[in-house]
Amino acid sequence: MDPSQTVQLGDRRLTITRATEADVPEIVALLADDVLGASRESPDVADLAPYLAAFSEIDADGRHLLVAVRDESGTVVATMHLTLLPGLSRQAATRLQIEAVRVGASARGLGLGTRMIEWAHQYGREHGARLVQLTTDRSRTDAHRFYEKLGYVASHVGFKLEL
């Protein structure tokens, strides 16, 4: 699958594509423009070194795809991080993990989130994934409704531990 697709949503023409290093500041700003992200992220250009190092690792690993959605002017208006996870369970099924889904205020309400997830599903299928999974913070009830509307089922309980 070509990792790039243009979608028409109303009068907006948006392109879903692989993120580049130049996109990192805009992606970090999207991650920080959020109730939870505001306390976890540092969109200050002077503090981007850790994000740029992480981007280099992500971009060099063929099992990861950091996605940028650009508007007509090239501005990044949405993002998500896809990871292909090989496994032994479920008869050695590969899973597609979807993380860090964000749609900026300028692109909300267009149906972009749905198109992004559909695009991710197709990407997963074309890369051998038989299952897709994602996590979302317990407090994101709007996101829960969104994913349930797309057919996702809250089937597991997740745990995290800061290291």
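Residues numbered from 1 in each chain as written. Predicted model: local features only at pLDDT ≥ 70, side-chain atom pairs only at ≥ 80, totals over all residues. Heavy atoms only, no water.

If you check an unreviewed UniProt entry, the protein chain appears there as GNAT family N-acetyltransferase from Candidatus Brachybacterium merdavium.

It is worth spelling out the nonpolar core at this point. If you look at the biggest cluster of nonpolar residues, it comprises 28 residues, and the most contacted ones within it are Val69, Met80, Leu82, Ile98 and Leu112. Looking at this core, the elements with two or more residues in it are strand 1 (5-9), strand 2 (12-18), strand 3 (64-70), strand 4 (76-85), strand 5 (94-103), helix 5 (112-126), strand 6 (129-134) and helix 6 (141-149). Among the elements that take part in this core, helix 5 stands out by supplying six residues, more than any other. Sequence-distant contacts of Ile98, that is, excluding residues within four places in its chain, are made with Met80, His81, Leu82, Ile117, Ala120, His121, Val132, Gln133, Leu134, Thr135 and Tyr152. Core analysis: the second largest hydrophobic core is formed by 13 residues, Leu31, Leu48, Phe55 and Leu66 among them. (Core = buried A, V, L, I, M, F, W, Y, C linked by side-chain atoms within 4.5 Å. Buried < 20%, exposed > 50% of the residue type's maximum accessible area, 1.4 Å probe, protein only. Helix = DSSP H or I, 4+ residues; strand = E, 2+ residues; numbered from the N terminus. Contact = heavy atoms within 4.5 Å.)

For Arg12, the location among the structural elements is in strand 2. The exposure class of Arg12 is buried, given its relative accessible area of 16%. Only 2.9 Å separates the side chain of Arg12 from the backbone oxygen of Ser106, close enough to count as a polar contact. If we ignore the near neighbours within four places in the chain, the residues touching Arg12 are Val7, Asp71, Glu72, Ser106, Ala107 and Leu110. (Polar contact = N/O pair within 3.5 Å; in protein donor to acceptor, adjacent residues only side chain to side chain.)

For the coordinates displayed, the defined rule picks out three aromatic pairs. Ring pairing ties together the aromatic residues Phe146, Tyr147 and Tyr152, which thus form one cluster. (Phe/Tyr/Trp six-rings, centres within 6.5 Å; stacked < 30°, edge-to-face > 60°.)

Looking now at the pattern of salt bridges. Any two side chains of opposite charge can pair, so long as their charged atoms come close to each other. Applying the stated criterion to the full structure yields five salt bridges. Residue Arg18 is joined to Asp59 by a salt bridge in which the shortest nitrogen-to-oxygen separation is 3.5 Å. You can see Arg18 sitting in strand 2 and its partner Asp59 sitting in helix 3 (residues 49-60), a full 41 residues away along the chain. Classification of Asp59 by relative accessible area gives partly exposed; the value is 36%. One salt bridge in this structure joins Asp142 and Arg145, with 2.1 Å as the shortest N-O distance. Of this pair, Asp142 and Arg145 both sit in helix 6, three residues apart, roughly one helical turn. Looking at Asp142, the relative accessible area reads 55%, which means it is exposed. Connected through salt bridges with shared partners, the residues Arg12, Asp71 and Glu72 form a single ionic network. (Salt bridge = Lys/Arg side-chain N within 4 Å of Asp/Glu carboxyl O.)

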